[in-house]
Amino acid sequence: MKPMLTVAIREMRIGFRNPWAYSFLALFSLFSLALLLIHSSRVVEGYSSVTGTMLNLILYLLPLMTLLLGSFSLTAEKEEGGWQLLSAYPLGTPAFVLGKYAGIAAVLLVIVAFGYGLTGVVGQLTGKPFDVKTFTLFLAFSAGIVLLFLAVAAIVGTLAKNRWQALTYGVAIWFFTVIGWPTLLVAVLGLLPYLWIKPALVVLTLFNPAELVRLFIVVKLSGGSVLGPEYYEWIGWIRGTGGTLLFLLVSAVWIAGCLGAAVVLWERGRSRG
């Protein structure tokens, strides 16, 4: 536990000194204020066209920001020789990867919290505040995106040999999970027999962190009717009494699986020198 905490604290210090982090902080703050302008014409409560637009805008920025910061942090250790120095100490690969994840997650969550906090303050001062439930769900949506995509970034940073590779992999994952996902989903499901569509939809959704979190928040915003009959089972279990706990469990398994894969891949690279 102590080595992991040491790595996490070190990563937080590096993160808050990183110009990239402050660039994303300024970008996300401006982005959050833009959401406030979208909302300013009327009070946003529950799911609506305005809420859907805001969710999509967050989905365009936050996953890419998380993938880049997370993967660059790991590849920098290879390029700058930091890992060679750390590996001389009694530091296990799990403690290193988990410490990096915890430290970067803290930095990104501070960026998100600052952006939403600024939006909340400006909203109160201008008399156009968000509905409390909607604001809380937006914050939960952003935190979920950060934590899930950061786990993916750990794998990207482990596989990439340098920042250019990390950039390429990160943008490709962002494109397929966010931009190209509807087209890919329709194309794949169109090739399957009708009875296979719903099971395939469930499985494919579980493999896309962006879609997983988006569906959960849309249903919690009482917008499940816009998803269509194929998602009826999703609406049922999310609205159920244990829906939130089940979602948290699925997310935890998702993160643990990605971090476990990152540890195995990093250890393999470590043993090969």
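Source: prediction; values computed, not measured.

**Student:** Would you take a moment to explain the overall build of the protein chain for this structure?
**Tutor:** On a plain count of helices and strands, the protein chain comes out with twelve helices and zero strands. Listed by position from the N terminus, the elements making up the protein chain come as α-α-α-α-α-α-α-α-α-α-α-α. Sorting the 273 residues of the protein chain into buried and exposed places 45% on the buried side. Look at the contacts in the protein chain between residues 6 or more apart in sequence, and 77% of them connect residues 24 or more apart. Here the protein chain has roughly 13,700 Å² of accessible surface; of this, 71% comes from carbon and sulfur atoms.

**Student:** When you look at the pattern of salt bridges in this model, what are you seeing that I'm missing?
**Tutor:** Side chains bearing opposite charge may pair, as long as their charged atoms lie close to each other. Tallied over the full model, the rule gives two salt bridges. Between E11 and K100 there is a salt bridge, and its shortest N-O distance comes to 2.6 Å. Here K100 lies in helix α5 (residues 93-126) and E11 lies in helix α1 (residues 2-17), a separation of 89 residues in the sequence. What makes K100 buried here is its relative accessible area of 2%.

**Student:** I'm lost on the confidence of the model for the protein chain in this one. Help?
**Tutor:** As a note on interpretation, predicted positions should not be read in detail where pLDDT is low. Chain-level pLDDT for the protein chain is 81 on average; 81% of the residues reach the 70-or-more range. No element of the protein chain has a lower mean pLDDT than helix α4 (residues 82-86), at 65, and none a higher one than helix α7 (residues 163-179), at 91.

**Student:** Before we go on, may I ask you to explain the environment of Y101 in this structure?
**Tutor:** For Y101, the position within the fold is in helix α5. It is 9.6 Å that separates the C-alpha atoms of Y101 and L74, two residues lying 27 residues apart in sequence. Non-local contacts of Y101, meaning those with residues more than four positions away in its chain, are made with L147, L150, A151, I255 and L259.

**Student:** Sorry, what's going on with the environment of A256 here?
**Tutor:** Note that A256 resides in helix α12 (residues 243-271). For A256 and A151, which are 105 residues apart along the polypeptide, the C-alpha to C-alpha distance reads 8.0 Å.

**Student:** Can you walk me through helix α10 (residues 209-220) in this structure?
**Tutor:** Given a rise of 1.5 Å per residue, twelve residues ought to cover 16 Å, and the 17 Å separating the end C-alpha atoms of α10 matches this to within 8%. Counting buried positions over the twelve residues of α10 gives eleven, a clear majority of the element. Listed as buried for α10 are P209, A210, E211, L212, V213, R214, L215, F216, I217, V218 and V219.

**Student:** It is not clear to me how the packing of helix α6 (residues 132-159) against α7 should be interpreted in this structure. Could you clarify?
**Tutor:** The axes of two packed helices give the description: the angle between them and the distance between them. The geometry of α6 relative to α7 is characterised by a closest axis approach of 9 Å and an angle of 145 degrees between their N-to-C directions. The interaxial crossing formed by α6 with α7 has right-handed handedness. Contacts between α6 and α7 involve F149, V152, V156 and L159 from the former and Q165, A166, Y169, G170, I173 and T177 from the latter.

**Student:** What's the story with the environment of I217 in this structure? I'm lost.
**Tutor:** Its place among the elements puts I217 in helix α10. Taking relative accessible area as the criterion, I217 reaches 1% and is therefore assigned buried. It is 8.3 Å that separates the C-alpha atoms of I217 and A140, two residues lying 77 residues apart in sequence. Once residues lying within four places of it in the same chain are set aside, the contact partners of I217 are L55, L137 and F141.

**Student:** How do you make sense of a nonpolar patch on the surface when you look at a structure like this?
**Tutor:** On the surface, a nonpolar cluster with roughly 450 Å² of combined accessible area is contributed by Y60, F175, F176, I179 and L184. It is α7 that provides the largest number of residues to the nonpolar patch, a total of three residues. If you trace the backbone, L184 turns up in helix α8 (residues 181-189). Take L184: its relative accessible area is 36%, and that puts it in the partly exposed class.

Thresholds applied
Residues numbered from 1 in each chain as written. Predicted model: local features only at pLDDT ≥ 70, side-chain atom pairs only at ≥ 80, totals over all residues. Heavy atoms only, no water. Helix = DSSP H or I, 4+ residues; strand = E, 2+ residues; numbered from the N terminus. Buried < 20%, exposed > 50% of the residue type's maximum accessible area, 1.4 Å probe, protein only. Contact = heavy atoms within 4.5 Å. Areas by Shrake-Rupley, 256 points an atom, 1.4 Å probe, with all protein chains shown as cover. Salt bridge = Lys/Arg side-chain N within 4 Å of Asp/Glu carboxyl O. pLDDT = per-residue confidence, 0-100. Expected span 1.5 Å × (residues − 1). Axes fitted to C-alpha atoms, helices over the stretch in contact; angles between N-to-C directions. Left-handed = near helix turned anticlockwise from the far one by under 90°. Patch = residues over 30% accessible without salt bridge, like charges linked within 9 Å, V, L, I, M, F, W, Y side chains within 5 Å.

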